[in-house]
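Results of the structural survey
The lines below spell out each chain.
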Amino acid sequence: MKKASSSKNNIIKNSSSIRGASILSRVLNKGINSVKFFFDKLVYLTKKAPYFQDITDDIKNAVKKSGILNGIAFIFSLHTTCSIKINEYEPLLLEDIGRFLKKLAPVDDYYKHNDFSIRTVNMCEDECKNGHAHCQQTLMGTSELVPIKDGNLVLGTWQRVLLIELDRARERKILVEVMGV
Ligand code: ZN
């Protein structure tokens, strides 16, 4: 009896979610021409690793340039050893995060990626030993999404968009895509 009722609930849930998807798809199709997409590429020169740069104001500027009032800002690092992360820009906390990353993937640990006697893939002429930076980047991630309401980024009191350099002083490219109406 119990089993039958739960199976019935599942069917109701499924059919209503299909109905919802079909309504959503009709709305999206109708409004697709009014949704705008805006791209901006930001370039930074980092100074060391770990290195934290607050890029929130540059993201706000991209949103302003886009003219989009309501939607989402997508901030994407075009690198495998440089992260985008939302967190608090407080100097002592940034030192703590640096220590936390070093503990999990220390620079002086052994990484096969750094062992040029065995590595053959993606080798450049000036290949550097940065296995720790790749491992740290897998923890920190590549992108963040921030809601936009009435032309402003919706962020909590202490939330800032941070570029996090994990390798060494380098040029870094960050893509900002603003989507909305
Ligand atoms: Zn590498």
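An account of the accompanying structure is given in this report.

Rules behind the numbers
- Residues numbered from 1 in each chain as written.
- Predicted model: local features only at pLDDT ≥ 70, side-chain atom pairs only at ≥ 80, totals over all residues.
- Helix = DSSP H or I, 4+ residues; strand = E, 2+ residues; numbered from the N terminus.
- Buried ≥ 20, exposed ≤ 12 C-beta atoms within 10 Å, placed from the backbone.
- Contact = placed C-beta atoms within 7 Å.
- Arc of directions from axis to C-beta.
- Core = buried A, V, L, I, M, F, W, Y, C linked by C-beta atoms within 7 Å.
- Pairing = 2+ DSSP bridges.

1. Quick word on the overall build of the chain
Looking only at helices and strands, the chain features four helices and eight strands. Reading the helices (α) and strands (β) of the chain from amino to carboxyl end gives α-β-β-α-β-β-α-α-β-β-β-β. In the chain, which comprises 181 residues, the share counted as buried stands at 22%. Intrachain contacts of the chain at a sequence separation of at least 6 include 84% that bridge at least 24 residues.

2. Thoughts on unusual backbone geometry
Going from Ala 49 to Pro 50, the amide bond is cis rather than trans, its omega being -5 degrees. The residue Pro 50 is located in the loop between strand E1 (36-45) and strand E2 (51-54) in this model. For Asn 122, which is not a glycine, the phi torsion comes out positive at approximately 55 degrees. Structurally, Asn 122 is set in the loop between helix H3 (91-104) and helix H4 (131-140). Taking the C-beta count within 10 Å as the criterion, Asn 122 has 8 such neighbours and is therefore assigned exposed. Within the chain, Asp 150 stands out as a residue other than glycine whose phi angle is a positive 50 degrees.

3. Observations concerning helix H2 (residues 56-66)
When we look at burial in H2, the residues that qualify are Ile 59, Ala 62, Val 63 and Ser 66. Buried residues of H2 fall within an arc of 100 degrees about the axis and therefore sit on the same side. Across from the buried face of H2, at angles greater than 90 degrees, the exposed residues are Asp 57, Lys 64 and Lys 65. The inward-facing, buried residues of H2 contact E1, strand E3 (71-77), strand E5 (143-149), strand E6 (152-153), strand E7 (160-165) and strand E8 (171-180). In the segment just after H2, Gly 67 is the residue with positive phi, at about 75 degrees.

4. Structural notes on the nonpolar core
Ranked by internal contacts, the top residues of the largest apolar core, which has 23 residues, are Ile 59, Val 63, Ala 73, Ile 75, Val 161, Leu 163 and Val 176. Put simply, the parts of the chain that give this core at least two residues each are E2, H2, E3, strand E4 (82-87), E5, E7 and E8. Residue contributions to this core peak at four residues, all from E7. If we skip the residues at most four places from it in the chain, Leu 163 touches Tyr 44, Gln 53, Ile 55, Cys 82, Ile 84, Arg 172 and Ile 174.

5. Some words on the sheet that holds E1
One open sheet accounts for five strands, arranged E1-E8-E3-E5-E6; its pairing is antiparallel. What marks the edges here is a single partner per strand, and that holds for E1 and E6. Here E3 runs beside E8; their pairing, made up of seven bridges, is antiparallel. The partner of Ala 73 across the bridge, within E8, is Val 178.

6. Structural notes on the environment of Lys 149
Tracing the backbone shows Lys 149 in strand E5. With 11 C-beta atoms packed within 10 Å, Lys 149 lands in the exposed category. For Lys 149 and Gly 180, which are 31 residues apart along the polypeptide, the C-alpha to C-alpha distance reads 9.9 Å. Setting aside residues up to four positions removed in sequence, Lys 149 forms contacts with Asn 70 and Val 154.

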